[in-house]
Amino acid sequence: MRPPAEVSVFLLSLLAPGVLYIMNNIPAFQEPLPILGMGMVVLGSVLLLLLLIVRHKTKVDPLFYVFAEFSFTCMVGLTNALEQDGFISGFMSFYIKKGEPHLSTAYAVMMSYWEGVVHFILFLTIIRRMFAGKSYRNLSLLWAGSSIAHQIVFIPGVVIGKYGSNIRPAFWRNVPFFLVPFWAASLLFSRPTEMPVITADKVAAEQKKSLLSRPVDLLLSLLLLGCMALSVFRGFVVLDCPLDFCFTYIYQYEPYLKDPVGFPRVMMLVYLFYALPLLILLTYGLKTPGCSWMLDWTLFFAGAMVQTQWCHIGASLHSRTPFTYRVPADKRWPVIALNVLLTAVPALLALRCHNNPAYFMKPVPKGQTNSQKKKN
């Protein structure tokens, strides 16, 4: 009897620390080019094992291979985080020295925890639902938002930060991990969204309500405006805005924004140029009935914001961040509160949209039964 696919992927992922331990103790694998070559061989071998795991299946979603392969790298990330924080040793020192030295930064450690715990659980859950014939699109959109946000901060941050002059060949193994999430997201967005049918009368009644008569949506709209203001403000701060309150903020509240590792600066620019337009669109969607795209994009955006904020908050407090760049003790709670707000608002918006989607659905023909399903 074959074990379930998610169990096989879980067991396969547990091999990652063993591979790292072996490489860490064989000098031939500890030079820049052999590290890159061995990494590609290991990932290729994992893909071959995955093909064997599902060879008896008549039809396999190509996203399975993405989620299963990434599950293996999640264990690499978790191993790195645990070693950098001193819980284990003897696994990653060779890779930090000759592979990707930037993985020892506080931001990378928090990123590795996120991958090793949150992404890993997401992958196993998605794979279990995939082979059980259950819907996994919403969970996949959460991952896509999280993964893309991680990549567009991490890779430019390495290049423009203080580690940009010390890029080793192993860094280029990030290229497929940068491209694949975009391909997966395009695949997910091209698939129809399944929504339970809501009667035409109920949809019409919800869509007749103004924003003022929907207190939850009104509050969310105001919070989104606050997130926009914070995104603009911190974007100006990292662009060296000469105004006094910008200078005061970066030196007295969030000095982490000027950490030379580059990640916080890139993140604030991503918020300014990518998150801000999305926040404007989501505010529009809360005001305008029938914007069915809200159901997908709120999930995607929530995944992106929770991931980036986890890394940002954690890195600004982490012991691996130099003391001068950490949030001052007397300003810690106001800064954390602002960042938690920026984390919570997109998540609450996604929850609101999926708990009561009537306002965002296109009008349903009268007489449609509740046993049917409508695809938008």
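Here the structure is a predicted model, which means the values were calculated and not measured.

Rules and cut-offs
- Residues numbered from 1 in each chain as written.
- Predicted model: local features only at pLDDT ≥ 70, side-chain atom pairs only at ≥ 80, totals over all residues.
- Heavy atoms only, no water.
- Disulfide = S-S within 2.5 Å.
- Core = buried A, V, L, I, M, F, W, Y, C linked by side-chain atoms within 4.5 Å.
- Buried < 20%, exposed > 50% of the residue type's maximum accessible area, 1.4 Å probe, protein only.
- Helix = DSSP H or I, 4+ residues; strand = E, 2+ residues; numbered from the N terminus.
- Contact = heavy atoms within 4.5 Å.
- Axes fitted to C-alpha atoms, helices over the stretch in contact; angles between N-to-C directions.
- Left-handed = near helix turned anticlockwise from the far one by under 90°.
- Nonpolar A, V, L, I, M, F, W, Y, C, P; charged D, E, K, R; others polar.
- Polar contact = N/O pair within 3.5 Å; in protein donor to acceptor, adjacent residues only side chain to side chain.
- 1 Å grid on protein atoms, 1.4 Å probe; cavity = no way out; pocket = protein on both sides within 12 Å on 5 of 7 lines; lining within 4 Å.
- Points joined across faces, edges and corners; volume = space filled by probe spheres on them.
- pLDDT = per-residue confidence, 0-100.
- Patch = residues over 30% accessible without salt bridge, like charges linked within 9 Å, V, L, I, M, F, W, Y side chains within 5 Å.
- Areas by Shrake-Rupley, 256 points an atom, 1.4 Å probe, with all protein chains shown as cover.
- Salt bridge = Lys/Arg side-chain N within 4 Å of Asp/Glu carboxyl O.
- Parallel < 35°, antiparallel > 145°, perpendicular 65-115°, else oblique.
- Phe/Tyr/Trp six-rings, centres within 6.5 Å; stacked < 30°, edge-to-face > 60°.

To continue, consider the state of the cysteines. Here the structure, examined in full by the defined rule, presents 0 disulfides. Not part of a disulfide, C227 finds its nearest cysteine sulfur in C353, a span of 14 Å. Unpaired in terms of disulfides, C311 finds its nearest cysteine sulfur in C74, a separation of 13 Å.

Let's shift gears to the nonpolar core. Residues F64, F67, Y107, W143, M294 and L349 are the most contacted members of the largest nonpolar core, which totals 109 residues. Top element by residues in this core is helix α6 (residues 106-131). It accounts for 14 residues. Residues in contact with F64, not counting those within four places in the same chain, are A5, V9, L50, V54, I127, M130 and F131.

Along the polypeptide, R332 turns up in helix α14 (residues 332-355). Overall, R332 belongs to the partly exposed group, its relative accessible area being 34%. A sequence separation of 14 residues divides R332 from H318, and the C-alpha atoms of the two residues are 13 Å apart.

The next thing to look at is the packing of helix α4 (residues 63-84) against helix α8 (residues 174-190). The contact between α4 and α8 brings their axes to 11 Å, and the two run at 145°. Viewed along their axes, α4 and α8 form a crossing whose handedness is left-handed. The residues of α8 that touch α4, namely those facing L63, V66, F70 and T73, are F177, V180, P181, W183, A184, L187 and L188. Classifying every residue of the contact of α4 with α8 gives 10 nonpolar, 1 polar and no charged.

Along the chain, Q309 falls in helix α13 (residues 294-317). With relative accessibility at 0%, the residue Q309 sits in the buried group. Residues in contact with Q309, not counting those within four places in the same chain, are R234, Y271, G314, N339, L342 and T343.

This brings us to the side chain of D217. Note that D217 resides in helix α10 (residues 215-238). Within the structure, the side chain of D217 is placed 2.4 Å from the side chain of R214, a separation counted as a polar contact. A polar contact is formed between the side chain of D217 and the side chain of R352, at a distance of 2.5 Å. Ignoring any residue separated from it by four or fewer positions in sequence, one finds D217 in contact with L211, L286 and R352.

Quick look at the layout of surface pockets now. Estimates place the volume of the largest pocket at around 530 Å³. In terms of lining residues, the largest pocket is bounded by 21 residues, among which S135, R137, N138, T193 and E194 are the most central. Contributing elements (two or more residues each) for the lining of the largest pocket: α7 (137-160), β1 (194-196), α14 and β2 (373-375). Here the lining of the largest pocket is composed, by residue class, of 9 nonpolar, 5 polar and 7 charged. Of the voids in this model, the second largest pocket is the one considered here, and its volume is about 340 Å³. Taken together, 16 residues make up the lining of the second largest pocket; nearest its centre are I148, I152, V270, Y274 and F300. Residue assignment for the lining of the second largest pocket shows that the elements contributing at least two residues are α7, α12 (263-287) and α13. Of the residues forming the lining of the second largest pocket, the biggest block, 6 residues, is contributed by α13.

For the protein chain, per-residue confidence averages 92 on the pLDDT scale, and 96% of positions sit at 70 or higher. In the predicted structure, residues 368-376 sits below a pLDDT of 50 and forms 26 contacts with residues beyond four places in sequence or in another chain.

Moving on to a nonpolar patch on the surface. Taken together, V159, I160, I167, W172, V175 and L179 make up a surface patch of nonpolar side chains, about 560 Å² in accessible area. Within the residue set of the nonpolar patch, elements represented by two or more residues are α7 and α8. Counting through the fold element by element, V159 comes out in helix α7.

This next bit is on the packing of α4 against α7. Between α4 and α7, whose axes approach to 13 Å, the crossing angle comes to 55°. Comparing the axis directions of α4 and α7 gives the class oblique. α4 and α7 meet at a crossing whose hand is left-handed. Taken together, the residues of α7 that come into contact with α4 (itself represented by V66, F67 and F70) are S140, W143 and S147.

Right, let's talk about the packing of aromatic side chains for a bit. For the coordinates displayed, the defined rule picks out 24 aromatic pairs. Between the aromatic rings of F189 and W297, the centroid separation amounts to 4.6 Å while the plane-to-plane angle is 20°, which identifies the pairing as stacked. Highlighted residues: F189 in helix α8 and W297 in helix α13, separated in sequence by 108 residues. Judged by its relative accessible area of 30%, W297 is partly exposed. Site record: aromatic cluster; members linked through ring pairs are F67, F70, F123, W143 and F177.

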